Amino acid sequence: MNRNILHLDLDTFFVSCERRLNSKLIGKPVIVGGTGDRGVVSAASYECRAYGVHSGMAMRMARQLCPHATYIRGNASVYTKFSKMVTDILQEQVPVLEKSSVDEFYADLTGMDRFFGCYKFAKELRTKIIRETGLPISFGLSVNKTVSKVATNEAKPDSQLKVDAGFEKIFLEPLSIRKIPMVGEKTFRTFCNLGVKKVGLVQQMPVEMMVSVFGKNGRVIWERANGIDRTPIVQYHERKSISSERTYGRDTTDLIKLKTTIRAMAENLAFQLRAGNKLTSCITVKVRYSDFQTYSKQLKIPYTAADHNLIPQVLELFEKLYNRRLLIRLVGVRYSGLTEGHYQIDLFENTSRTVNLYKAMDAIRLRYGDRSIMRAATLGEGSRTIGGQGNPFNGQPPIILAHRHQ
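Residues numbered from 1 in each chain as written. Predicted model: local features only at pLDDT ≥ 70, side-chain atom pairs only at ≥ 80, totals over all residues. Heavy atoms only, no water.

**Student:** Please provide a residue-by-residue account of the overall build of the protein, values included.
**Tutor:** Within the protein, the regular secondary structure consists of 14 helices and 13 strands. Taking 22 Å as the expected radius of gyration for a compact globule of 406 residues, we find that the protein reaches 24 Å, a close match to that expectation. Summarising its shape, the C-alpha atoms of the protein cover approximately 65 × 55 × 50 Å along the three principal directions. In the protein, once contacts between residues fewer than 6 apart in sequence are set aside, the share between residues at least 24 apart is 66%. (Helix = DSSP H or I, 4+ residues; strand = E, 2+ residues; numbered from the N terminus. Rg over C-alpha atoms; globule rule 2.2 N^0.38 Å. Contact = heavy atoms within 4.5 Å.)

Written out as structure tokens, the structure reads:
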């Protein structure tokens, strides 16, 4: 039996949410992202794309290309609410759903064509989402995830496309190789150096040649170019790590500010671990200097989720890492090597009083927000925007900040 895989993508999602809130923005060029000097475009309306503006572009460049656009600082909590509205509709209607990002979904409709056409069902589902949320959405339908995703991108904006079983290679053949998922800028340049720009030429290449040039990824790219993809629908995303990063509006060497930020990130991530009944065994600290050179150090530790164990280790890693005495642009903390488990008393170090303190603090945070109670050492200019990202262990993909910075 051929699979029927549906891919749905909310068009220019952040912009569409802003237009939903303010109808005056409809039909006008709108750019959402970080509005400061170091902001990055998170979403640009189709009116802006005519001027060359695209996601990931520096906001300064966008302002030069499209100075008359409306610029909006993104609000992740608002977009998360709209995303949840769409997710709730899909979960009610489809048997198997994968939410791959805040605005992108896969659904397995295999077997549903026995009762009614999958394409007809997908069209009705799209109409229902548009009617109930007011958000434009496009979809692609085919036998696998890769072809469905490419079909959605070809259908945009606000449309739909079905690729019948057996026509995958014919559909992909005239397209740019850049449109195949996992072919990024670097891989595309390598293809260009080989004189390959179309999917059809890759389809004619021996798979052994692809492997010799791109390694094991060469086989995956070759299979996807030929419309072959056996990737299953994944309903639950198990987080292997959690992290937090902050880019400063102005490069700094203020150690008090830097350590305040790092302490706050370490404390907030530790709270997320305890709230998700997780323990970490690996700490990583990252520093990016003003010359864009990025360095990181990591440390393996006994499993823990306690602030008083994690914060000193994080600060120690930072002090070892910060040795160039240059202005710092970005700092980050990551906990990995996660496992299920509750924080327990260490007979040689802790007392039940410490455990009760964490329980009381976490109860306050869960009720009033993760910034409702903080250590005095984490209060300051460098920690104002840390936290508020929700539960990272709910099986949903990570929330991408809508006000990103370089």
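The discussion continues.
**Student:** I'd like a description of the pattern of salt bridges, backed by residues and values.
**Tutor:** As enumerated under the stated definition, the model contains 17 salt bridges in all. In this structure, lysine 128 engages glutamate 132 in a salt bridge whose closest nitrogen and oxygen atoms are separated by 2.7 Å. Taken together, the positions of lysine 128 and glutamate 132, both in helix H5 (residues 118-133) and four residues apart, correspond to about one turn of that helix. In this structure, aspartate 307 and arginine 274 form a salt bridge, with 2.9 Å as the shortest nitrogen-oxygen distance. Residue aspartate 307 is located in helix H13 (residues 307-321), and its partner arginine 274 is located in helix H12 (residues 255-275); the two are separated by 33 residues in the primary sequence. Each member of the pair aspartate 307 and arginine 274 is classed as buried. Several salt bridges share partner residues, and in doing so they unite Arg274, Asp307 and Asp362 into one network. (Salt bridge = Lys/Arg side-chain N within 4 Å of Asp/Glu carboxyl O. Buried < 20%, exposed > 50% of the residue type's maximum accessible area, 1.4 Å probe, protein only.)

**Student:** Outline the pairing of strand S11 (residues 294-304), listing residues and values.
**Tutor:** Relative to S11, strand S10 (residues 278-289) is paired through eight bridges, and the arrangement is antiparallel. Looking across to S11, one finds that valine 287 is bridged to tyrosine 295. The antiparallel hairpin formed by S10 and S11 contains four residues in its connecting segment, where phenylalanine 292 sits at a positive phi of about 70°. (Pairing = 2+ DSSP bridges.)

**Student:** I'd like to hear about the sheet that holds strand S6 (residues 104-108), residue by residue, with values.
**Tutor:** The sheet built from five strands is open, its strands ordered S5-S6-S1-S7-S8 with mixed pairing. The strands lining the two open edges of the sheet, one partner per strand, are strand S5 (96-101) and strand S8 (160-162). Within the sheet, the average angular offset between the axes of one strand and its neighbour, ignoring direction, is 15°. As judged from the five bridges shared by strand S1 (residues 5-10) and S6, these two strands associate in the antiparallel manner. In the sheet register, leucine 8 faces S6, and the bridge partner there is phenylalanine 105. (Axes fitted to C-alpha atoms, helices over the stretch in contact; angles between N-to-C directions.)

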